[in-house]
Amino acid sequence: MYKRTIKPICDRLVAFFLLLLTTPLTLLLGLLLLVFQKGQVFFTQQRPGRNEVLFTLVKFKTMKVSSQNLTG
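Keep in mind the model is a prediction, meaning the values are calculated, not measured.

**Q** Looking at this structure, how should I read the overall build of the protein?
**A** What the protein contains, in helices and strands, is 1 helix and 2 strands. In the protein, the succession of helices and strands from N to C terminus is α-β-β. Counting all 72 residues of the protein, 8% fall into the buried class. Contacts in the protein between residues at least 24 apart in sequence constitute 23% of all its contacts with a sequence separation of at least 6.

Dropping the structure here:
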C-alpha cells in the first residue's frame, strides 16, 4: 500500500512545494537572462532518451557565445 498510494502522493506534494519555493528564483533568472543575453533565454537540443526516443532538452542559456579566440 505504501509504494502504490502513500509514496506517490508524498512525492508529488514535496515536488509541488519545491516548485513553489523555486519559482521566484527561476523567474528572476529568466528576466536577467532576457536582459543580458539579448532575448535568448533558453537553450534547446534534441537528445536520445530511453529506447533511443528523441526528446527536446530545454535549459537556461547561461553561457555567452563569443566569436573571439580565447586561446590567444
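**Q** Before we go on, may I ask you to explain helix H1 (residues 2-36) in this structure?
**A** When the terminal C-alpha atoms of H1 are compared, their 48 Å separation across 35 residues agrees well with the 51 Å that a helix rising 1.5 Å per residue should span. Two residues or fewer past H1, Lys-38 is found with a positive phi of approximately 55°.

**Q** Mind showing me how you'd approach the side chain of Lys-61 here?
**A** Its place among the elements puts Lys-61 in the segment after strand S2 (54-60). Although Lys-61 is buried, it forms no salt bridge, and the closest oppositely charged side chain is Glu-52 at an N-O distance of 26 Å. Sequence-distant contacts of Lys-61, defined by excluding residues within four places in its chain, comprise Leu-33, Gln-37, Gln-40, Val-41, Phe-42 and Phe-43.

**Q** Looking at this structure, I do not really get the pattern of salt bridges. What am I missing?
**A** Charged atoms that come close allow side chains of opposite charge to pair. Under the counting rule described, the total for this entry stands at 1 salt bridge. Residues Lys-7 and Asp-11 are paired through a salt bridge, measuring 2.9 Å at the closest nitrogen-oxygen approach. Within this pair, Lys-7 and its partner Asp-11 are both found in helix H1, separated by 4 residues, close to a single helical turn. Lys-7 sits in the partly exposed class, given a relative accessible area of 36%.

What counts, and where the lines are drawn
Residues numbered from 1 in each chain as written. Predicted model: local features only at pLDDT ≥ 70, side-chain atom pairs only at ≥ 80, totals over all residues. Heavy atoms only, no water. Helix = DSSP H or I, 4+ residues; strand = E, 2+ residues; numbered from the N terminus. Buried < 20%, exposed > 50% of the residue type's maximum accessible area, 1.4 Å probe, protein only. Contact = heavy atoms within 4.5 Å. Expected span 1.5 Å × (residues − 1). Lys, Arg positive; Asp, Glu negative; His and termini not counted. Salt bridge = Lys/Arg side-chain N within 4 Å of Asp/Glu carboxyl O.

Read these as layout, nothing more, since geometry by itself doesn't imply function.
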